[in-house]
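Examining the three-dimensional arrangement
Each chain, letter by letter, is given below.
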Amino acid sequence: MRLVQLIQVLLLLALGGYLLLVALENPVPVRLPLPLGQGEALLSLGGAVVLFAVLGGAYTALLLLPPLWRSAWRQRRSRRERAQLEHRLTAALQARLGTVPPVTPAPEDA
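Glancing now at the pairing of strand 2 (residues 40–43). Bridging between strand 1 (residues 30–33) and strand 2 involves 4 bridges; their strand directions are antiparallel. The residue of strand 2 that forms the bridge with Pro-33 is Glu-40. The antiparallel pairing of strand 1 with strand 2 creates a hairpin that spans 6 residues between the two strands, and Leu-36 there sits at a positive phi of about 65 degrees.

Here you go:
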């Protein structure tokens, strides 16, 4: 899975480098074909660079979301399991001790 993500990031960097090369060599408006062959969009070079930078950022965010989501899910699960284990251990200890009331610390005299 990490190899696929590495390839995706390298592909994104290659596309960004290619866009930068095109932007530096062609200071004219950029024609971008629209999806499904419905004509083309005429953008200024700066607009095209901003558009592709936003698309690249969104693509990178999509690459990072699944591992972050899995990590957060694991942390929530481990917290829940730890709380359940603590509850079971507390119940077992109270059963062994004969349900002793909780000990409250004595107030300190100053």
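With that settled, the discussion passes to a positive patch on the surface. A cluster of basic residues, Arg-76, Arg-79, Arg-80 and Arg-82, forms a positive patch at the surface. One can find Arg-82 in helix 2 (residues 45–97). Classification of Arg-82 as partly exposed rests on a relative accessible area of 49%.

Evaluation of the coordinates by the stated rule reveals 2 salt bridges. For Glu-40, the salt bridge is made with Arg-31, and the minimal N-O distance between the two is 2.9 Å. The class of Glu-40 is partly exposed, set by a relative accessible area of 46%. Across the salt bridge formed by Arg-77 and Glu-81, the nearest N and O atoms sit 3.4 Å from each other. One end of the pair is Arg-77 and the other is Glu-81, both in helix 2 and 4 residues apart, which spans about a single turn.

What counts and how
Residues numbered from 1 in each chain as written. Predicted model: local features only at pLDDT ≥ 70, side-chain atom pairs only at ≥ 80, totals over all residues. Heavy atoms only, no water. Pairing = 2+ DSSP bridges. Helix = DSSP H or I, 4+ residues; strand = E, 2+ residues; numbered from the N terminus. Patch = residues over 30% accessible without salt bridge, like charges linked within 9 Å, V, L, I, M, F, W, Y side chains within 5 Å. Areas by Shrake-Rupley, 256 points an atom, 1.4 Å probe, with all protein chains shown as cover. Salt bridge = Lys/Arg side-chain N within 4 Å of Asp/Glu carboxyl O. Lys, Arg positive; Asp, Glu negative; His and termini not counted. Charge placed at Lys NZ, Arg CZ, Asp CG, Glu CD. Buried < 20%, exposed > 50% of the residue type's maximum accessible area, 1.4 Å probe, protein only.

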